[in-house]
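# Architecture at a glance
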Amino acid sequence: MEYFAQFGMWVTLILFLTFQIQPNYGFYLPGSYPHKYVVTDELWVKVNSLTSIDTEMPFSYYSLPFCKPEGGIKDSAENLGELLMGDRIENSPYRFKMHTNESEIYLCRVESLSGDQFKILKERIDEMYQVNLILDNLPAIRFTQKEGYFMRWTGYPVGVKIEDAYYVFNHLKFNVLVHKYEETNVARVMGTGDGAEMIPVGKEDSSEKPGYMVVGFEVIPCSIMHNADMAKNLKMYDKYPSSIRCDPATVAMPIKEGQPLVFSYEVTFEESDIKWPSRWDAYLKMEGAKVHWFSILNSLMVITFLAGIVLVIFLRTVRRDLTRYEELDKEAQAQMNEELSGWKLVVGDVFRAPSNPALLCVMVGDGVQILGMSVVTILFAALGFMSPASRGTLITGMLFFYMILGIAAGYVSVRLWRTIAFGDQKGWVSIAWKAACFFPGISFLILTTLNFLLWGSHSTGAIPFSLFVILILLWFCISVPLTLVGGYFGAKAPHIEYPVRTNQIPREIPQQKYPSWLLVLGAGTLPFGTLFIELFFIMSSIWMGRVYYVFGFLFVVLILLVLVCAEVSLVLTYMHLCVEDWKWWWKSFFASGSVALYIFLYSINYLVFDLKSLSGPVSATLYLGYSLFMVLAIMLSTGTIGFLSSFWFIHYLFSSVKLD
């Protein structure tokens, strides 16, 4: 009972630190509840970091000479996941009044552009940076038409370059879609990112103003040639003295050093039939569903093929040989052993300890932790608990589940260590410590190196020093203790007994016709074939700024990947044993873990052919660094699947052999 009480205290601490770093986000998923606005209520637009698929480095909105709010720049509430993703949500001067159309609203006049401002503005236009606006938790969406097809984009470009001239979009035309608020018959407290409000219940008073919910937020950027002299005496939100005609097909505001800029906007409200629960459909509309189904069917074909091979091994080869072997008397068995070849001859060496056993135990433990985190996170995301409407919750959830599953990492690594050591508990603390620090340590080294590059570029993607401290505290105050607790239970649990004895002198492995590692590396092509289609959509969502929300398909693909990895490693292990190669431990791990090599090669291919516009060595280094981090996690998780399935297979196989 004492252990359970300690475990409960740790879980409470994890929940507090992970989800209560920003109090407004505690036990609340942003975007989960509708916010009711009555006519003339003020709505304020927020701004997120400027992003570009050319550099993959976000920058602060106010790093450019844009209009600042009258009350000063203020950061909105952010959770841990948002900070890690480089989101910097701040207030903006754009103000609307619910269901009140306004036009020709003067925003501000930026005095003459300095040389540095002019230079950085040109750079952001050249690098195709997008301005990301948010209203009631909805990102601004922009529709364009090309060759008869409507395309949708989140945000709008800073400007455009035509020939040698740079034009900035200094007038925004907003269209806010609203739906009439439907009163519920149950009182509830509804939270928002800005606080909480009580929605009263009862019959709506006829004199009460109708309430509306925001169900869409569209923006059309325009480049307008304003008269800077006319705007000298205007105040923010004043009516601009001349008419403004927003035509997105033409540009008229070139930027020049020493020239002032004038910003303005207009807003229209449109009642829509879109229900509030469906307002994210425009962002999450799934395209290429047939491709996802093709990926799943392709995986099923690979699994069926491998399952047939496994059944042949079990039912025809192994069972037949065991039956023949057990029907003979001892003298005949001894004579048969001299004549037989294959896996039966390595019975005295198959459980011989591998080279670097501590490293293998640590990698398997970390693989269990990463695999468990992936399964649970994707399952929760598929059930809708971590939708894109709740910014940052996916990353926050991954961190939370990873820390909790430190118990599993410690337990598996220590118990495997004791099994290899024939039950000896010596050194279990060291194994648990290594399991707690191996993958996080490598990840911390990679991310710190990349963070220095982001710091040097003044990007908002750089993790603040305070967040570094928080991550280190989460690592050493929560993850490491939980891993040690798991290691303690692994040391107390009975180790797995080997079904056969190991000879003192190792058997010589016959010379092979081809290098065994060549077959191990080639085995990764089958698991890669089950996920490469889904991998394209994941890479596009990460690097091309697209929203990924087909977690249901991803969960199915993950389950299929687990099955393929297990089958591939099992078949390859049996093939090695048949040629009297008893060194199966590491080969079974890398047989399925080698899929990470092909994913890394695919990442390089994606960089060369799909991210052609990725500019600068810093951007390419960031891409390769994050790809390396992802590949390491995949190698540990898939390798663990292969090793554990092979260990179970060999234990089952040789436990069926009756020996004195």
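What this report covers is the structure whose coordinates are included nearby. Since we're looking at a predicted model, the values are computed, not measured.

Quick look at the pattern of salt bridges now. Taken as a whole, this structure holds ten salt bridges when the rule is applied. For the salt bridge of Glu42 with Arg95, the shortest nitrogen-to-oxygen distance reads 3.8 Å. Within this pair, whereas Glu42 is found in strand E2 (residues 42-47), its partner Arg95 is found in strand E3 (residues 90-97), the two being separated by 53 residues in sequence. Since its relative accessible area comes to 41%, Glu42 is described here as partly exposed. Between Arg245 and Asp247 there is a salt bridge, and its shortest N-O distance comes to 3.9 Å. Residue classification places Arg245 among the exposed positions, given a relative accessible area of 68%.

Our focus in this paragraph is the sheet that holds E3. Strand order in the open sheet made by the four strands is E3-E2-E6-E7, with antiparallel pairing throughout. Because the sheet does not close on itself, it has two edges, and the strands there are E3 and strand E7 (138-139). Bridge count between E2 and E3: five bridges; the pairing is antiparallel. Counted as the bridge partner of Leu43 is Phe96 from E3.

Our next topic: the environment of Thr393. Note that Thr393 resides in helix H8 (residues 393-404). Looking at Thr393, the relative accessible area reads 11%, which means it is buried. When the C-alpha atoms of Thr393 and Glu82 are compared, they prove to be 7.9 Å apart, with 311 residues separating the residues in sequence.

Moving on: the nonpolar core. Core analysis: the biggest nonpolar cluster contains 89 residues, and Phe643 and Phe654 have the highest contact counts within it. Broken down by element, the residue count for this core peaks at 15 residues, all from helix H14 (residues 551-578). Residue-level mapping places this core at the junction of two domains, with at least three residues from each of domain 2 (285-350 + 516-639) and domain 3 (354-496). When sequence neighbours within four positions are dropped, the list of residues in contact with Phe643 reads Leu360, Val364, Leu416, Ser569, Trp584, Trp585, Ser588 and Phe589. Of all hydrophobic cores here, the second largest spans 61 residues; its members include Ile141, Val158, Tyr166 and Val267.

So, about the pairing of strand E16 (residues 211-222). Along E16, ten of the twelve residues are buried, which leaves the element largely enclosed by surrounding structure. Examined bridge by bridge, strand E1 (residues 37-38) and E16 share two bridges and lie antiparallel to one another. Looking at the pairing, Tyr37 lines up with Tyr212 of E16. Pairing analysis gives ten bridges linking strand E13 (residues 171-180) to E16, with the strands arranged antiparallel. From the neighbouring strand, His171 faces E16, where its bridge partner is Cys222.

Quick look at the side chain of His576 now. Its location among the elements puts His576 in helix H14. Look past the residues within four positions of His576 in its chain and what remains in contact with it is Ser516, Val520, Asp581 and Lys587.

Parameters at a glance
Residues numbered from 1 in each chain as written. Predicted model: local features only at pLDDT ≥ 70, side-chain atom pairs only at ≥ 80, totals over all residues. Heavy atoms only, no water. Salt bridge = Lys/Arg side-chain N within 4 Å of Asp/Glu carboxyl O. Helix = DSSP H or I, 4+ residues; strand = E, 2+ residues; numbered from the N terminus. Buried < 20%, exposed > 50% of the residue type's maximum accessible area, 1.4 Å probe, protein only. Pairing = 2+ DSSP bridges. Core = buried A, V, L, I, M, F, W, Y, C linked by side-chain atoms within 4.5 Å. Domains from an automatic or database assignment. Contact = heavy atoms within 4.5 Å.

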